[in-house]
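# Secondary and tertiary structure notes
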Amino acid sequence: GAVVSQHPSRVICKSGTSVKIECRSLDFQATTMFWYRQFPKKSLMLMATSNEGSKATYEQGVEKDKFLINHASLTLSTLTVTSAHPEDSSFYICSAGGAHGNTIYFGEGSWLTVV
Amino acid sequence: TQLLEQSPQFLSIQEGENLTVYCNSSSVFSSLQWYRQEPGEGPVLLVTVVTGGEVKKLKRLTFQFGDARKDSSLHITAAQPGDTGLYLCAGIIQGGSEKLVFGKGTKLTVNP
């Protein structure tokens, strides 16, 4: 079964609004989670590292004020896309590891469409 | 600079053929993982390898981790149309952060 769960799987929002995506580790605690964005036919692009109880670490070129990350507990990280624009439409995926050693598991992904 | 070189990027074969996908790096990895991703879904873990020279088998899939832990391969025997998908190798660099370093992926199409 799923080890990391992501919700929602698909969301459509209006331009200018904000949308939140949740990532949960189901049977282990994850002090670190990762958020990726994936463009069609491309590999995953790391956006940020979500650290429980502290600020997220963003990759170069990723706007931290636009992509708000909150890792409030050891099993939940959220990504909020603020003031969304059509160019933010993409497939967003989270991952987490830890209790299973070096293995990192991915969520199911969330399709965001901004209209 | 691509830390993990994955090849080939695209592969189209007939059902029943064998194939091998390679991931190579100049860096040493503490672990390396192979994922398969279907369109519109998140990557699904196939295997994790951690020991140099390690070979793992998953039905018709054979995974090998190089002795120096710098490279890995995925071999599929008698490919089936159900094997079609994007295969990703990803690893954690030894002594580095927890971030996964990804290959660019191999888009495999198995034609009936």
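We now turn to the structure provided with this report.

When its secondary structure is counted, chain B shows 0 helices and 11 strands. In sequence order, chain B lays out its α and β elements as β-β-β-β-β-β-β-β-β-β-β. Considered along the principal axes of its C-alpha atoms, chain B spans approximately 45 × 30 × 20 Å. Considering only contacts within chain B whose residues lie at least 6 apart along the sequence, 54% involve residues at least 24 apart. Here chain B contributes 10 positively and 10 negatively charged side chains, and the mean placements of these two sets differ by 3 Å.

Residue and element names in this part refer to chain B. Applying the stated criterion to the full structure yields 6 salt bridges over all chains. Across the salt bridge formed by Arg 36 and Glu 38, the nearest N and O atoms sit 2.6 Å from each other. On the basis of relative accessible area, Arg 36 is assigned to the buried category, the value being 19%. Owing to a relative accessible area of 30%, Glu 38 belongs among the partly exposed residues under this scheme. Ionic pairing is found between Lys 56 and Glu 54, a salt bridge with its closest N-O pair at 3.6 Å. Looking at Lys 56, the relative accessible area reads 32%, which means it is partly exposed. Taking the relative accessible area as the measure of exposure, Glu 54 reaches 18% and is therefore buried.

Residue and element names in this part refer to chain A. Strand order in the open sheet formed by 4 strands is β1-β3-β8-β7, and the pairing between neighbours is antiparallel. The strands lining the two open edges of the sheet, one partner per strand, are β1 (4–7) and β7 (67–73). Ignoring strand direction, the axes of neighbouring strands in this sheet form an average angle of 15°. Of the strand pairs in this sheet, β1 and strand β3 (residues 19–25) are connected by 4 bridges, and their pairing is antiparallel. Directly across from Val 4, in β3, lies its bridge partner Ser 25.

What counts and how
- The residue count restarts for each chain, going from 1 along the sequence in the order it is written.
- To read the labels, note that chains go from A and ligands from 1, taken in the order they are written.
- Only residues with pLDDT of 70 or above have their local features reported here, since the model is predicted, and side-chain atom pairs are shown and tallied only from 80 upward, although totals for entire chains, interfaces and linings are computed over all residues.
- Hydrogens and water molecules were not included; the side-chain quantities draw on all heavy atoms of the structure.
- Only DSSP runs of H or I with at least four residues qualify as helices, and only runs of E with at least two residues qualify as strands; both kinds are numbered from the N terminus onward.
- Whether two residues are in contact is decided by their heavy atoms, any of which lying within 4.5 Å being enough.
- Counting rule for charge: Lys and Arg are taken as positive, Asp and Glu as negative, and neither His nor the chain ends is counted.
- Charge positions are represented by NZ for Lys, CZ for Arg, CG for Asp and CD for Glu.
- For this document, the term salt bridge refers to a Lys or Arg side-chain nitrogen within 4 Å of an Asp or Glu carboxyl oxygen.
- Three exposure classes are used, based on accessible area relative to the maximum for each residue type with a 1.4 Å probe and protein chains only: buried under 20%, partly exposed in between, and exposed over 50%.
- At least two bridges found by DSSP between two strands are what make those strands a pair.
- Comment: axis = line fitted to C-alpha atoms, over the contacting stretch for helices; angle = value between 0 and 180 degrees taken between N-to-C directions.

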